[in-house]
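The chain contents come next:
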Amino acid sequence: MAAMSASSGPEFPQRALDWLSGGRAGAGDRVLTLGCAPGFCRMLSRRGVDLFAIHRDPEIAARCNQMPATTGICALAESLPLDPCSVDAVLIHQSFDRMAPGLVLSEIARVLRPSHCVGVSWMTRDDSVPWVRRLTALLRSVDPSAMSGDYGTDSVDSLLSSKYFPTTEQSRHRIWVPVSRQGLVEMATSLPGIRRADDQQRAELVQRVEQLHDDSAGPGGLLLPYQLECWRGWVSHDELTASIQVDDAGLRIRL
């Protein structure tokens, strides 16, 4: 993924968090995060939830374990060390595409309480704004692959078609983050393809990016647009509790 972001990062809207969790991300709620960055987990811990932060990286799990009311656990999302029907909400931000859907969705359904939901989200750059399209053209004049790539959002199709989550919903939130002239230059020159360019190319690019900032910034400065894409699925335990029908013919042993 070739994305650019403001150095401080977009702030996750509280209304979006409430929507993703089905209103189950408040004080006293038991929330599970899967593969989320420490910053996302810290935001939840500040809300007073009883948080279980699962991450396959032991260092990130250890960092989460130091947060208030948070249990950081080094484990795989596809094999959760939690009891059935033990959490109020499962949240996955920026990481669902790195999980095996055939395994993780049944595990999420197993640990969710009845009538509760899983929330999946991605924060992506909004390329529909004219000045961002101009910036993309500038960067691609030096590196044709700049500001391109797959964010991973296509992986959510497995949730939308899952028998464990027959009811799904989607919402979007546009977020604007202030970016300074220097900040925009730093973002542009931090891209790998731009770093590999020669000194003259980078110097010319910096000049053009600075001019783009000056031409596009309004009275309040320049705002970098993001799109927060959210999906939630309401769990059904029918598939987990249905009896298994075995064909008697399949048990016939011929001697």
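So, how was this worked out
- Residues numbered from 1 in each chain as written.
- Predicted model: local features only at pLDDT ≥ 70, side-chain atom pairs only at ≥ 80, totals over all residues.
- Heavy atoms only, no water.
- Buried < 20%, exposed > 50% of the residue type's maximum accessible area, 1.4 Å probe, protein only.
- Helix = DSSP H or I, 4+ residues; strand = E, 2+ residues; numbered from the N terminus.
- Pairing = 2+ DSSP bridges.
- Right-handed = clockwise from strand over helix to strand, strands pointing away.
- Contact = heavy atoms within 4.5 Å.
- Core = buried A, V, L, I, M, F, W, Y, C linked by side-chain atoms within 4.5 Å.
- Axes fitted to C-alpha atoms, helices over the stretch in contact; angles between N-to-C directions.
- Parallel < 35°, antiparallel > 145°, perpendicular 65-115°, else oblique.
- Left-handed = near helix turned anticlockwise from the far one by under 90°.
- Nonpolar A, V, L, I, M, F, W, Y, C, P; charged D, E, K, R; others polar.
- Arc of directions from axis to C-beta.

Draft legend 1. Expanded view of the pairing of strand β1 (residues 30–34). The buried count for β1 comes to 4 of 5 residues, which makes it a mostly enclosed element. In terms of strand pairing, β1 meets strand β2 (residues 50–55) through 5 bridges, oriented parallel. The residue bridging Arg30 from the neighbouring strand is Asp50, located in β2. For the crossover that starts at β1, traverses helix α2 (residues 38–45) and ends in the parallel β2, the hand is right-handed. Examined bridge by bridge, β1 and strand β4 (residues 87–93) share 3 bridges and lie parallel to one another. Directly across from Val31, in β4, lies its bridge partner Ala89.

Draft legend 2. Representation of the side chain of Ser95 in the model. Relative to the assigned elements, Ser95 resides in the loop between β4 and α4 (101–111). Exposure remark for Ser95: the relative accessible area of 2% places this residue in the buried category. Setting aside its immediate chain neighbours within four residues, Ser95 contacts Leu34, Gly35, Cys36 and Trp122.

Draft legend 3. Inspection of the nonpolar core at higher detail. By size, the foremost hydrophobic cluster in this structure holds 45 residues, and its most contacted members are Phe12, Leu44, Trp131 and Leu139. In contact with Phe12, not counting residues within four places along its chain, are Leu17, Leu20, Phe40, Met43, His93, Ser121, Met123 and Leu228. Residues Leu34, Ile54, Ala109 and Tyr164 belong to the second largest nonpolar core, which totals 29 residues.

Draft legend 4. Structural detail: the packing of helix α7 (residues 181–190) against helix α9 (residues 199–216). Put simply, α7 and α9 touch, their axes get as near as 9 Å, and they point 140° apart. Considering their axes alone, α7 and α9 lie oblique with respect to each other. The hand of the α7/α9 crossing is right-handed. Contacts between α7 and α9 pair Arg181, Leu184, Val185, Ala188 and Thr189 from the former with Val206, Val209, Glu210, His213 and Asp214 from the latter. Considered class by class, the residues forming the contact of α7 with α9 number 5 nonpolar, 2 polar and 3 charged.

Draft legend 5. Examining helix α5 (residues 130–140) more closely. Within α5, the full set of buried residues consists of Trp131, Val132, Leu135, Thr136, Leu138 and Leu139. End-on view of α5: buried residues confined to an arc of 160°, all on one side of the axis. Contacts from the buried residues of α5 go to β5 (112–125), α7, α8 (192–195), α9 and β7 (222–234).

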